[in-house]
Structure formats: C-alpha cells, structure tokens
Amino acid sequence: MKFSVIIDALPYLLGAAVTTIWVSLLGVLLGQVIGVVVCVARQSGGRAADMAGGVYVSFFRGVPLLIQLLLIYYMLPLIGIDVPPLVASIAALGLASGAYVSEIYRGALNAVPHGQSEAALALGFAGRSIWARILLPQAFRISVPALVNELILLLKASSLISVVGVAELTRTSQTISASNYRPLEIYLAAGLIYLAINGALALFGTLVERRLQQA
C-alpha cells in the first residue's frame, strides 16, 4: 500500500467526483419531474393513464439500469437522434429514478387522509390546487427519507455510466489504475470518496427531515 499513489491521484479523483455528483443530481431532478407527473397521472388521469404509467414503472424497475443506458445510447441514433454520452447518461438515470420516485410518492399519497381532498373540494379548491397546495407537499414531507435513499442509490448506480465513456469517478479510477498499475490504492480512494459523498447526503436528508418535522 503506497499512500503517495493516492495523494497523486486525489486531484483527478475529486474532479471526477464532481462530475459524478452533478450528473446524479441532474438525473434525480429529471426523475423528480417524471415521478410526480407519472404519479399524478396514475392517481387522477383515468384508466388509460394508470395503465401507461404502470407499464413505464414496470419496465424501468424491471430492466437493469445498465441495459436501459445502453438502449438509450445505441437506439436513439437509429431514429436520427444523436446524443452525447453525458446526455444519454442523465436521461437513463432520470428515467430509472422517475419510476421509483413515482412509486414513492404514490405510497406517500396513500398515507395522506382521503378526507383532506374531500374537504378541499367542499371549500371550492380546484383539482390542480388540491394537488399543488395540499397533497404533494404532504407527500413530499412523508417521502423525504425514501427520496434521500433513492438519491444515494442513484449516485452509486451512476458508476454504470462509465461504460459509455463518461469520465466520472469509476471511469477515472479505471483509467488511473490502468496507467500506474496500482488498482488497490486507486479503487480504495474511490470507494472512500463515494462513502464520504453518500454520508454527506444521508446527513443532509436527516437534517431536512428534522426541519420538516419542526415546521
């Protein structure tokens, strides 16, 4: 074990970790948008919307993320859409996350008393206002622990985007270890960086949850 190898590689690994973080965050944000839309559609959009949402959720929860990524990366050019590896990676992460987020919100909505919607309708609230001002805020508060866990899982899964050439933390670790023939030190350093990032995310989630409980 040579710690000098880790010290020399650390600037490159930290730079790659930044890429890992913002790609994961963009994927999560896209997943939040998709998840909310799918959840609302399945809850209030009728039988056809519920079935379409169910097919989407089943596919993206049932097919491994690596296969989804490769399908998006290689299939889009066949229909005339040539996307960079980074865009394909964010799209794959977002679509996969959206399927899980929609189920998280759907479960949280089931925990919101149904009488609140009925009371809002009796007070003259429109359907959109009920969702925006009553149901979704409460569902978000209930879902915070599960959403933070989803973010952590997605950040770890982002290592798969290395297969399409995105220079995130795992890909950079592979490149460095192939050049200096010191894989143990490099992958140990990468693992510790992943651990630090996920620990910070878990702490952030705990603080947010406590703040929402006090509000």
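Calculation criteria
Once a new chain begins, its residue numbering starts again from 1 and follows that chain's sequence as written. Under the rules for a predicted model, residues below a pLDDT of 70 receive no local features and side-chain atom pairs below 80 are neither given nor counted, while totals for whole chains, interfaces and linings still include all residues. Calculation of side-chain values draws on the structure's entire complement of heavy atoms; hydrogens and water are dropped beforehand. Within this scheme, the nonpolar core is defined by two criteria: the residues are buried Ala, Val, Leu, Ile, Met, Phe, Trp, Tyr or Cys, and they are joined through side-chain atoms within 4.5 Å. When accessible area is computed with a 1.4 Å probe and restricted to protein chains, residues below 20% of their type maximum are described as buried, those above 50% as exposed, and intermediate ones as partly exposed. In this text, helices come from DSSP runs of H or I with a minimum length of four residues, and strands from runs of E with a minimum of two, each type numbered from the N-terminal end. Contacts: residue pairs with any heavy atoms within 4.5 Å of one another. Polar contact is defined as a pair of N or O atoms within 3.5 Å, subject to the rule that within protein one atom must be able to donate a hydrogen and the other to accept it, and that residues adjacent in sequence are counted only when both atoms are side-chain atoms. Orientation is described by lines fitted to C-alpha atoms, with helices fitted over the stretch in contact, and by angles between N-to-C directions that extend from 0 to 180 degrees. Orientation categories follow fixed angle ranges, with anything under 35 degrees roughly parallel, anything over 145 roughly antiparallel, 65 to 115 roughly perpendicular, and all other angles oblique. Handedness of a crossing is defined here by the sense of rotation of the near helix relative to the far one, left-handed for an anticlockwise turn of less than a right angle and right-handed for a clockwise turn. Salt-bridge detection follows one rule: a side-chain nitrogen of Lys or Arg within 4 Å of a carboxyl oxygen of Asp or Glu. Expected span of a helix, by definition, is 1.5 Å for each gap between consecutive residues, and there is one gap fewer than residues. Note: the arc covers the axis-to-C-beta directions of the helix. Each patch is built from residues lacking any salt bridge and having more than 30% relative accessible area; the joining distance is 9 Å for like charges and 5 Å for nonpolar side chains (Val, Leu, Ile, Met, Phe, Trp, Tyr). Here, Shrake-Rupley sampling with a 1.4 Å probe gives the accessible areas, and only protein chains in the shown set may cover a residue.

1. Side note on the nonpolar core
Core analysis: the largest hydrophobic core is formed by 36 residues, its most contacted members being Leu13 and Leu169. Among the secondary structure elements, those contributing two or more residues to this core are α1 (3–44), α3 (65–75), α4 (85–111), α6 (127–157), α7 (169–180) and α8 (183–214). When sequence neighbours within four positions are dropped, the list of residues in contact with leucine 13 reads Leu169, Thr172, Ser173, Ile176, Ile186, Ala189, Ala190 and Ile193. Counting 14 residues, the second-largest nonpolar core is a separate cluster that includes Cys39, Tyr105, Ile134 and Leu135.

2. Looking at the side chain of glutamine 68
With respect to the secondary-structure elements, glutamine 68 resides in helix α3. There is a polar contact of 3.0 Å between the side chain of glutamine 68 and the backbone oxygen of phenylalanine 60. A distance of 2.6 Å separates the side chain of glutamine 68 from the backbone oxygen of valine 63, its partner in a polar contact.

3. Focus on the packing of α1 against α4
Between α1 and α4, the least distance of the axes is 5 Å, while the angle of their chain directions is 45°. As summarised for this structure, α1 and α4 are arranged oblique, according to the angle between their axes. For α1 against α4, the interelement crossing comes out right-handed.

4. Here's the deal with the pattern of salt bridges
Pairing between side chains of opposite charge can happen when their charged atoms approach one another. A full pass over the atoms with the stated rule returns 5 salt bridges. Between glutamate 103 and arginine 42 there is a salt bridge, and its shortest N-O distance comes to 3.1 Å. Placement of glutamate 103 in helix α4 and of arginine 42 in helix α1 is noted, with a sequence separation of 61 residues between them. In this structure glutamate 103 comes out as partly exposed when scored by relative accessible area, which is 22%. Notably, a salt bridge pairs glutamate 103 with arginine 61, separated by 3.6 Å at the nearest N-O pair. Taken together, the residues span a long stretch of sequence, with glutamate 103 in helix α4 and arginine 61 in helix α2 (residues 47–62) at a distance of 42 residues. Residue arginine 61 is classed as partly exposed on the basis of its relative accessible area, which comes to 41%. Counted as one network, the salt bridges with shared partners bring together Arg42, Asp50, Arg61, Glu103 and Arg106.

5. Describing the packing of α1 against α2
At a minimum axis distance of 8 Å, the contact between α1 and α2 shows a crossing angle of 140°. Accordingly, the angle class assigned to the pair α1 and α2 is oblique. Crossing of α1 over α2 shows left-handed handedness. Contacts from Ile34, Val38, Ala41 and Arg42 in α1 reach Ala49, Asp50, Gly53, Gly54, Tyr56 and Val57 in α2.

6. Here's the deal with unusual backbone geometry
A negative phi holds for most residues other than glycine; trans holds for most peptide bonds. The backbone of tyrosine 181 sits at a positive phi, close to 55°, despite the residue not being glycine. Mapped onto the secondary structure, tyrosine 181 falls in the loop between α7 and α8.

7. Some remarks on α2
The first and last C-alpha atoms of α2 sit 22 Å apart over 16 residues, in line with the 22 Å expected at 1.5 Å per residue. Every buried residue of α2 is accounted for by Gly53, Gly54, Tyr56, Val57 and Phe60. Considered in projection along α2, the buried side chains sweep an arc of 165° and stay on one side of the axis. Along α2, exposed side chains directed more than 90 degrees from the buried face belong to Arg47, Ala48, Met51, Val55, Ser58 and Gly62. Packed against the buried residues of α2 are α1, α3 and α4.

8. A look at a nonpolar patch on the surface
Together, Phe59, Ile67, Leu71, Met75, Leu78, Ile79 and Ile81 give the surface a local cluster of nonpolar side chains, amounting to about 680 Å² of exposed area. Among the elements that line the nonpolar patch, the one with the most residues is α3, at 3 residues. Structurally, the position occupied by isoleucine 67 is in helix α3.

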